[in-house]
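# Chain and residue survey
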Amino acid sequence: MGIVKKLLLKYSKVTTVKLNANITPYYHIVSNENVSHIQHLYSYKNINQFEEDLIYLQEHYQVISPDKIVDEFHLKHQKKCILSFDDGLVENYTIILPLLEKYKIKAVFFINPSFIDNKVFLNKHLKSILIEELLKIPHNHIVWNKIKFSKSENLKNQVLKYELSNNQIFDLFDVIEFDFKEYLQERPIYMNKNQIQELIDKGHFIGGHTMTHPYLNNLNEDEQFAEITDSILWIKQYFKVDYNLFSFPYSDNYASKNLIKRLENWDKNMIIFGNSSYKKDVSKNIVQRFSAEKPIAPLKNIISTELIYMYYTKLVGKFKVKRK
Ligand SMILES: [Zn+2]
């Protein structure tokens, strides 16, 4: 979050904006616990905070399903909402699904097929666990030497910055005698196929989020296209859904105009979700979202912050998404 947005969020309680725009909040996780594989990456709402968001949503917005996006969502000032969740974390099923059922709200869940069933892992999730475990043994010099830490710098920043492959992290787990298998048995990180099927059976939507959640800027355009379309095809084949939904991992900043065009040629009805907040994009098939995950702010404050920020971007000429 940039400085301008942080400031706006601070004063969002006292600002009054007409909240009649369509909204697109997204989250990754909701939990009352310190989730080891997430807690050193970003903060998230607890169940009460999330439930307050849902109550606010239900009272003030009409949550629509993605098949209506193209027809309905781009009509301005309809107070429509599309709610979505990225990364396919197990809490989507254990915590979020029951709450959505309680308030009769339908959502879109974006998943990475490679992670389903907890055999392949997002590097950042493993890093967060490593940080948590290393913090418990701050004077372990064997680990220090192995990953060449300087003791002066903050451990968390170093681990996040340092390039460590998943296999290197597993080796370090062995060194510090951390039993990752046992960790997974107690708490799987991602949803399994049955849980995802239940989301679909209960009327929710599933979309692709690439196969392996790569940084798209590290891939060439053909590789980007394959990561994206493979994830959608996998979902179609396995869960027999008849729509194509996709959300960009990390950021949509690196998606070129040409990539978007190729995706639209591949399927003209495909809906592509970004996370650049309120911005004008190159195609009406792109839905830009904003994160509602910050636990310090109720959804209402986040919406007004995003809307005021939109006016700011218009003022300074940053309203249009720049695509190469
Ligand atoms: Zn993601």
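On a predicted model such as this, the values are computed, not experimentally measured, just so you know. (Residues numbered from 1 in each chain as written. Predicted model: local features only at pLDDT ≥ 70, side-chain atom pairs only at ≥ 80, totals over all residues.)

With that settled, consider the nonpolar core. If you look at the biggest cluster of nonpolar residues, it comprises 72 residues, and the most contacted ones within it are Phe 109, Leu 130 and Ile 272. Both domains that furnish three or more residues to this core are identified here as domain 1 (3-119 + 190-315) and domain 2 (123-186). Those residues within four positions of Ile 272 in sequence are excluded, and the remaining contacts are Phe 246, Ile 260, Leu 263, Asn 285 and Ile 286. (Core = buried A, V, L, I, M, F, W, Y, C linked by C-beta atoms within 7 Å. Buried ≥ 20, exposed ≤ 12 C-beta atoms within 10 Å, placed from the backbone. Domains from an automatic or database assignment. Contact = placed C-beta atoms within 7 Å.)

Each assigned domain of the protein is listed here: domain 1 (3-119 + 190-315) and domain 2 (123-186). Taking the mean C-alpha position of each, domain 1 and domain 2 sit 30 Å from one another. Opposite the seven residues of domain 1 that make contact, domain 2 presents eight residues. Split by residue class, the side of domain 1 that touches domain 2 holds two nonpolar, five polar and no charged. (Nonpolar A, V, L, I, M, F, W, Y, C, P; charged D, E, K, R; others polar.)

This part is about the pairing of strand β8 (residues 271-274). Judged by which residues are buried, β8 turns out to be covered on both faces: Ile 271 and Phe 273 on one side and Ile 272 and Gly 274 on the other are all buried. Pairing between strand β7 (residues 245-247) and β8: three bridges, direction parallel. Residue pairing in the sheet places Ser 247 in a bridge with Phe 273 of β8. With helix α12 (residues 257-266) bridging β7 and the parallel β8, this β-α-β connection has right-handed handedness. As defined by bridge partners, β8 adjoins strand β9 (residues 286-288) across three bridges and the pair is classed as parallel. (Helix = DSSP H or I, 4+ residues; strand = E, 2+ residues; numbered from the N terminus. Pairing = 2+ DSSP bridges. Right-handed = clockwise from strand over helix to strand, strands pointing away.)

As a further point, take the environment of Ile 82. Summarising the element assignment, Ile 82 is placed in the loop between β3 (80-81) and β4 (84-86). The sequence separation of Ile 82 and Tyr 26 amounts to 56 residues, and the corresponding C-alpha distance is 8.5 Å.

Its twelve residues give helix α4 (residues 91-102) an end-to-end C-alpha distance of 16 Å, which sits within 8% of 16 Å, the value for a rise of 1.5 Å per residue. Taken as a whole, α4 has its buried residues at Glu 91, Asn 92, Tyr 93, Ile 96, Leu 97 and Leu 100. On an axial view of α4, the arc spanned by its buried residues comes to 150°, and they lie on one face. Seen from the open side of α4, the exposed residues pointing more than 90 degrees away from its buried face are Pro 98 and Lys 102. In the core, the buried residues of α4 are packed alongside β4, β5 (108-111) and α10 (193-201). Just past α4, the residue Lys 104 takes up positive phi, approximately 50°. (Expected span 1.5 Å × (residues − 1). Arc of directions from axis to C-beta.)

Looking now at the packing of helix α5 (residues 123-136) against helix α8 (residues 166-175). Orientation of α5 relative to α8, taken along the N-to-C sense of each, is 20°, at an axis distance of 10 Å. The orientation of α5 relative to α8 falls into the category roughly parallel. As for the relative orientation of α5 and α8, their crossing is left-handed in sense. Where α5 abuts α8, its residues Asn 123, Leu 126, Lys 127 and Leu 130 lie against Asn 166, Ile 169 and Leu 172. Grouping the amino acids of the contact of α5 with α8 by side-chain chemistry returns four nonpolar, two polar and one charged. (Axes fitted to C-alpha atoms, helices over the stretch in contact; angles between N-to-C directions. Parallel < 35°, antiparallel > 145°, perpendicular 65-115°, else oblique. Left-handed = near helix turned anticlockwise from the far one by under 90°.)

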